[in-house]
Amino acid sequence: LKETALKEDLKFYFMNPCEKYRARRQIPWKLALQILKILMVTTQLIFFGLSNQLVVSFKEENTIAFKHLFLKGYSGVDEDDYSCSIYTQQDAYDSIFYVINQYKQLKNISLGTLGYDHEGSGLKICKQQYKKGTMLPANDTLNIDVSTETECIFFKPQELAGKKAELKLNSSFFNLEFYRLIQVEISFKLKGIALQTIHARELPDCYAFQNTITFNNRAHSGKIKIYFDSDTDIQECKDWHIFGSVLQKNTQYILVFDGFVILSCVASLILCTRSIVLALRLQKRFVNFFLEKYKRRVCHADRLEFINGWYVLVIISDVMTIIGSILKMEIKAKNLTSYDVCSILLGTSTLFVWVGVIRYLGYFQTYNVLILTMQASLPKVLRFCCCAGMIYLGYTFCGWIVLGPYHEKFEDLNTVAECLFSLVNGDDMFATFAQIQQKSTLVWVFSRLYLYSFISLFIYMILSLFIALITDSYDTIKKYQQGGFPVTDLHEFLKDHGSIGYRKERTSMPFICCC
């Protein structure tokens, strides 16, 4: 009786939701809840994405506006990783004073809703330079102290129009000795309000822009690169009054919808956690019974049969959705401004929810091939990638150290890794060959040997072997589906057990099982 009861419980556990309904009339609540959750979570993500899109566009458009406002002669397109460059001393002085003058007249020239940050230090200008020394390039003579010193000057917004500001502008601080100048850094903070969210029936956000303009003269090559960096921080509006019932009602409706999403995820979390707990109890019963009757332990593979990885994935997704939804509600109510954290949580949870759909497709043999092939090939693929990764890292370091001075795609390790990965996928090959500078014949010949050997090795050999591993696993799964999968102790234990005690009526099935 104990063995029969155990076999019936095991057989019932490994049934799909529709088979469980036919056997014991157990309604597939988890299946119905997962389908409902997919719809709700996806709808929630779309709403948040549209709202986040307004935030991103506001940041980007303000950054472009700042470059046109504060960088003299800015063309509208960055030259490289820096915004623009200057080549004469007069251009350097003009560019620095241009920033000060534009900051002074900001309210009269800006088209945006911008204002000064009166709580901060205002406009801050710092110059970093080597200590006193002499340099005579004509005589190949250099006498300089490489230790650096930094000197700063501040301009408050309210004093820019006064005599105090004029005295500072005429001070010796602005007498730059370019042979020992390393960089000049101008930083200031501005505040703004995004009103475009009102058109999307959302409450507006308040922004703080920490702008930094750096005149980089570290190379002392006759070219000063000008970098513009703007760090945007979304802050709570301290005092706001918005009139319009539609805006308030729209916010309330979305908050209520987010509340329903949290409730559905909590219900899904409880059901999946309960299923895992029951599965572990059933595993313990089976292991103890097997040890008691057959005097041997159950293999590791059979133990893992009881751990449903899909439930673990759903639990992780539910936890992330709950936390993300709470953050989204706080952002919607303008109590928090953690857009990045919220987008990561909601985006990853939605990814897991849609990946979890594969579980239900796996109940059909024709759809189950993908899952089984991935399970069978994953260990071999990981071992293969470890070996191939060693070769890849070798090529990465070699290309960086040899080709870095002659090719922009090999200037740093991260760029080299991205360039080589694109070559493996057949992208941008001709440009990579053509852009190598022909200043050194030895390096040019080495670059050809390097690129030809890498492309031949990875595309024709390593990539082909990688595909062959997956193809081999696919062929194995197809043979198993035709001739039967290998029988384990668990399958042998359940093989001769019939369907005693289960009802087989197929009438009055739920619509979801019928589908």
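Cut-offs and rules
Sequence order sets the numbering: in each chain, residues are counted from 1 along the sequence as written. Local features are withheld for residues below a pLDDT of 70 in this predicted model, meaning they are given only at 70 or higher, and side-chain atom pairs are given and counted only at 80 or more; totals for whole chains, interfaces and linings count all residues. The basis for every side-chain value is the complete set of heavy atoms in the structure, and neither hydrogens nor water enter the calculation. UniProt positions are given in the numbering used here, feature names are shortened, and annotations may be inferred rather than shown by experiment. Secondary structure elements are defined from DSSP: runs of H or I of at least 4 residues count as helices, runs of E of at least 2 residues count as strands, and each element is numbered from the N terminus. Residue burial is assigned from relative accessible area. The probe radius is 1.4 Å, only protein chains are included, and a residue is buried under 20% of its type maximum, exposed over 50%, and partly exposed in between. Any two residues whose heavy atoms approach within 4.5 Å are treated as being in contact. In this description, a nonpolar core means a group of buried Ala, Val, Leu, Ile, Met, Phe, Trp, Tyr and Cys residues linked to one another through side-chain atoms lying within 4.5 Å. Note that the domain bounds reflect an automated or database-derived domain assignment. Given the number of residues in a helix, its expected span is that number minus one, multiplied by 1.5 Å. Residues with no salt bridge and a relative accessible area higher than 30% make up the patches, which join like charges within 9 Å and nonpolar side chains (Val, Leu, Ile, Met, Phe, Trp, Tyr) within 5 Å. Method for areas: the Shrake-Rupley scheme with a 1.4 Å probe, in which residue coverage is limited to the protein chains shown. The term salt bridge refers to a side-chain nitrogen of Lys or Arg lying within 4 Å of a carboxyl oxygen of Asp or Glu.

Per an unreviewed UniProt entry, the protein goes by the name Mucolipin-2 and belongs to Cuculus canorus. Looking at the Catalytic activity (unreviewed entry) heading of the UniProt record, one finds this comment for the protein: "Ca(2+)(in) = Ca(2+)(out)".

Here the focus is the overall build of the protein. For the protein, the helix and strand inventory stands at 17 helices and seven strands. Scored against the burial criterion, the 515 residues of the protein give a buried share of 40%. Considering only intrachain contacts with a sequence separation of at least 6, the fraction spanning at least 24 residues in the protein is 72%.

All right, on to the side chain of S95 then. Relative to the helices and strands, S95 resides in helix α4 (residues 89–104). Leaving out residues up to four positions away in the same chain, S95 has contacts with K72, I86, F215 and I226.

Among soluble globular proteins, nonpolar side chains are generally buried collectively. Residues F70, I125, F155, I186, F188, I213 and F215 are the most contacted members of the largest nonpolar core, which totals 50 residues. Residue assignment places this core across two domains, with domain 1 (1–53 + 248–363) and domain 2 (71–242) each supplying three or more. What F215 contacts, discounting residues up to four positions off in sequence, is I86, S95, I96, I182, Q183, V184, I186, I224, K225 and I226. Among the nonpolar cores identified, the runner-up in size contains 21 residues, and V424, F433, I436 and Y450 belong to it.

A rise of 1.5 Å per residue sets the reference length of helix α10 (residues 339–355), with its 17 residues, at 24 Å; its end C-alpha atoms lie 24 Å apart and thus fit the reference within 8%. Looking at the packing, one finds that the buried side of α10 touches α3 (29–70), β6 (205–216), β7 (224–235), α9 (309–332) and α11 (357–361).

As annotated in UniProt, the feature "transmembrane region" (unreviewed entry) corresponds to residues 253–282, 303–326, 338–361, 381–403 and 449–470 in the numbering used here. Secondary structure across residues 303–326 divides into 83% helix and 0% strand, with the first and last C-alpha atoms of the span separated by 37 Å. Each end of residues 338–361 is marked by a C-alpha atom, and these two atoms are 36 Å apart; helix forms 92% of the span and strand 0%.

A grouping of M390, I391, L393, F397, W400, I401 and L413 is seen on the molecular surface, where their side chains present a nonpolar patch of about 680 Å² in accessible area. For the nonpolar patch, the element with the most residues is helix α12 (residues 369–403), which contributes six residues. In this structure, I391 sits in helix α12.

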